[in-house]
Amino acid sequence: MAKIKLQREKCIGCGSCQVICPKYFELVDDGKSHIKDSVKDEKTNIEELEVVKIECAEAAAEACPVQCIEIIKT
Ligand code: SF4
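What counts and how
Residues numbered from 1 in each chain as written. Predicted model: local features only at pLDDT ≥ 70, side-chain atom pairs only at ≥ 80, totals over all residues. Heavy atoms only, no water. Near = heavy atom within 4 Å. Nonpolar A, V, L, I, M, F, W, Y, C, P; charged D, E, K, R; others polar. Core = buried A, V, L, I, M, F, W, Y, C linked by side-chain atoms within 4.5 Å. Buried < 20%, exposed > 50% of the residue type's maximum accessible area, 1.4 Å probe, protein only. Helix = DSSP H or I, 4+ residues; strand = E, 2+ residues; numbered from the N terminus. Contact = heavy atoms within 4.5 Å. Pairing = 2+ DSSP bridges. Axes fitted to C-alpha atoms, helices over the stretch in contact; angles between N-to-C directions. Salt bridge = Lys/Arg side-chain N within 4 Å of Asp/Glu carboxyl O.

Draft legend 1. Just the site of the ligand, in detail. Residues in contact with the ligand amount to 15 residues; listed here are only the nearest, Cys 11, Cys 14, Gly 15, Cys 17 and Cys 64. Class assignment of the residues belonging to the shell around the ligand gives a composition of eleven nonpolar, four polar and no charged.

Here is the structure:
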């Protein structure tokens, strides 16, 4: 199991995560990335999703130019 975490405030909407890992990431109306099916904390604008397999999310985190994607292995 693992948790994918996205700090939406820091996202600059470059689209890399969506290209590398469309399974988990998509750009949405405000021009920033969103983790599909995630839970968002409205106060912090941080999204989290529990996953069984990290798959492409790790590559997306590594490619993010502002390092706003975090993978927490549990
Ligand atoms: S790679 Fe990072 S900065 Fe680019 S859209 Fe994804 S989360 Fe945002």
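There is more to say, and it comes next.
Draft legend 2. Main features of the nonpolar core. One finds Ile 4, Tyr 24, Phe 25, Ala 57, Ile 69 and Ile 71 to be the most contacted residues of the largest nonpolar core, which totals 19 residues. Among the secondary structure elements, those contributing two or more residues to this core are β1 (2-7), β5 (46-51), α2 (57-63) and β6 (69-73). The contacts of Ile 71, once residues within four sequence positions are left out, are Lys 3, Ile 4, Ile 54, Ala 57, Glu 58 and Ala 61.

Draft legend 3. How the structure looks around the pairing of β5. In β5, alternate side chains face the same way, and those of Glu 47, Leu 49 and Val 51 are buried while those of Ile 46, Glu 48 and Glu 50 on the opposite face are not. The pairing of β1 with β5 spans six bridges and is antiparallel. For Ala 2, the partnering residue across the bridge sits in β5 and is Val 51. In terms of strand pairing, strand β4 (residues 39-41) meets β5 through three bridges, oriented antiparallel. Directly across from Lys 40, in β5, lies its bridge partner Glu 47. Counted along the chain from β4 to the antiparallel partner β5, the turn is four residues long, and its residue Asn 45 has a positive phi close to 60°.

Draft legend 4. Up close: the sheet that holds β6. One open sheet accounts for four strands, arranged β4-β5-β1-β6; its pairing is antiparallel. A single partner strand is all that each edge strand has here, and the edge strands are β4 and β6. Here the average twist between neighbouring strands, direction ignored, is 20°.

Draft legend 5. Fine view of the pattern of salt bridges. Throughout the structure, instances matching the rule amount to six salt bridges. Across the salt bridge formed by Glu 42 and Lys 40, the nearest N and O atoms sit 4.0 Å from each other. Judged by relative accessible area, Lys 40 falls into the partly exposed class, the value being 33%. Glu 58 serves as the salt-bridge partner of Lys 73, at 3.3 Å between the closest nitrogen and oxygen. With a gap of 15 residues between them, Lys 73 in strand β6 and Glu 58 in helix α2 connect regions that are remote in the sequence. Classification of Glu 58 by relative accessible area gives partly exposed; the value is 30%. What you see here is one network of salt bridges that share partners, running through Arg 8, Asp 30 and Glu 47.

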